[in-house]
Amino acid sequence: MPKIAILSVAMRSRLKPLAAGLLLLAVALISREGVAQERRVPSAATEMRLSFAPVVQRAAPSVVNVYAARTVVSRNPFFDDPFFRQFFGGPGGRPSEQLQRSLGSGVIVDASGLVVTNNHVVEGADQVKISLADKRELDAEIVLKDARSDLAVLRVKDQRERFSAIEFADSDGLLVGDLVLAIGNPFGVGQTVTQGIVSAVARTQVGITDYQFFIQTDAAINPGNSGGALVDLSGKLVGINTAIFSRSGGSQGIGFAIPANMVRVVVASAKGGGTSVRRPWLGARLQAVTQEIAEGLGLKRPTGALIASITNGSAAARAGMRTGDLITGIDGQAVEDSNAFDYRFATKMIGGTSRVVLLRAGKEMTVNVALETAPAAAQDELVIAARSPFTGAKVSNVSPALAEELRIDPSIDGVVILEVANGTPAQSYGFQRGDVVLSVNNQKTSKTRDLERATAQPSRVWRITVKRGEQLTTITLSG
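First, a word on scope: everything that follows refers to the structure included in this document. (Residues numbered from 1 in each chain as written. Predicted model: local features only at pLDDT ≥ 70, side-chain atom pairs only at ≥ 80, totals over all residues. Heavy atoms only, no water.)

Here the focus is the overall build of the protein chain. Helix and strand counts for the protein chain come out as 12 helices and 25 strands. The buried share of the protein chain, reckoned over its 479 residues, is 44%. Long-range contacts, defined as pairs at least 24 residues apart, comprise 59% of the intrachain contacts of the protein chain with a sequence gap of at least 6. Only carbon and sulfur atoms are counted for the fraction: they give 52% of the accessible area of the protein chain, which is about 24400 Å². (Helix = DSSP H or I, 4+ residues; strand = E, 2+ residues; numbered from the N terminus. Buried < 20%, exposed > 50% of the residue type's maximum accessible area, 1.4 Å probe, protein only. Contact = heavy atoms within 4.5 Å. Areas by Shrake-Rupley, 256 points an atom, 1.4 Å probe, with all protein chains shown as cover.)

With that out of the way, let us pick up the packing of aromatic side chains. This model, assessed by the stated rule, comprises 4 aromatic pairs. Ring centres of Phe341 and Phe345 lie 5.4 Å apart, and the angle between their planes is 15°; this geometry places the pair in the stacked category. Separated by 4 residues within a single helix, Phe341 and Phe345 lie in helix H9 (residues 338-346), roughly one turn from each other. By the burial criterion, Phe341 is buried, and Phe345 matches it. (Phe/Tyr/Trp six-rings, centres within 6.5 Å; stacked < 30°, edge-to-face > 60°.)

Moving on, we come to the pattern of salt bridges. What the rule picks out here adds up to 21 salt bridges. Lys236 is paired through a salt bridge with Glu167; the nearest N and O atoms lie 3.5 Å apart. You can see Lys236 sitting in the loop between strand S10 (229-231) and strand S11 (237-244) and its partner Glu167 sitting in the loop between strand S6 (151-156) and strand S7 (179-184), a full 69 residues away along the chain. Between Arg301 and Glu336 there is a salt bridge; the shortest N-O distance is 3.0 Å. Here Arg301, found in the loop between helix H7 (291-297) and strand S14 (305-310), pairs with Glu336, found in the loop between strand S16 (333-334) and H9; they are 35 residues apart in sequence, far enough to count as distant. (Salt bridge = Lys/Arg side-chain N within 4 Å of Asp/Glu carboxyl O.)

Turning our attention to helix H12 (residues 448-456). Taken together, the buried positions of H12 are occupied by Thr448, Asp450, Leu451, Ala454 and Thr455. Mapping the buried residues of H12 onto a view down its axis gives an arc of 155°, with all of them on the same face. On its buried face, H12 is in contact with strand S19 (382-383), strand S20 (393-397), strand S21 (415-420), strand S22 (436-440), strand S23 (443-444) and strand S24 (461-468). (Arc of directions from axis to C-beta.)

As for its position among the elements, Leu132 is in the loop between strand S4 (127-131) and strand S5 (137-146). By relative accessible area, Leu132 is classed as buried at 8%. Residues within four places of Leu132 in sequence aside, it is in contact with Val64, Ile108, Leu138 and Phe163.

See the structure below:
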């Protein structure tokens, strides 16, 4: 609780009415909801000798090391061709296995043994272990992965024990200049604590995950810190350390953390038994406001999120939003750009509505947008088994829910790749999750069954049109 100044009646009576009003206003501001800690500079030399040890002792037991291992199978794509098999059919032609290990950090967020870490720490892992602060190692399983936020939730397999769980802070209450501590396992040397300040909030031009809204800190963060805790001076979790900006590979005073309010949403989905994160679906594609667009809209500076298109029947459409509307706020918080809106909207809980402020033809208006998940149409998932460049790829029809998850256009007419198995031709040819296959050998592939039929026909040459992100590519591969 923040300290609140208490004034005696005699003292208040001697104050002039205006001074008393200003003082009471200051007290109210200090005690307002959302202030997590008292903010002041040291006033005496003795205060310079204060220690962060009590904060560390409170938070450190909740921070763990995460060890992940995966088996990678290397396979020569020529091995599938009878002609080349005679050259590669010896010992060198057989698939080879290699064990890859990764090291990171994690944070216990529930006493039952739920651990949050970065998705990139455990991506593709076959085995996961955690090491507690007391050096004990425990087996864990992955219960939820969310590539969009680069977060994953693990569960300790031995659930007979109650663990020390950290408490969440409201990351929206962070201010630039607040003191923070980073706790993790850099370079595998063991649990390490570094101290710094919040250098910036709401960083949106970082390019790490889909949700560009990071806490920036100068607390030293190094390889191995990924998935570790960023805590405030009350020992509460304000963020999950995820990346650094570095030219050398080591800390250069610019680290980024995923805000606790985003972490909270992912953890809530895991606690609810979900294998994916349930987030509200707007059903509109947003674009950044450039200086030219700002001038055209009569804005003094480029700000807000411009609606570029709206999906029929979506929450945005039912709320009355239109193409060309400029989103400037949501639930009392300003929207600086499209990334900021994506984050704000994604951290809302399903159910109810959000009040979104729009600028339309120079006039401000407010609409109520329903907080609901994207509809999941029949995806008709299947794994391509016929010998082709897609062998080993799991594919699906495009639905609004899947399009939202993979950040692709829901109206696109194609088949999306969900997974690519290790050691398969699909992996060898470089296909990735999120690739949309539009045609194969001049046959349009609108549905998964179209792709299955196209690949069932043997061919010595494969002509494939694929969309990856915003890039449309036509490639020719030998059979």
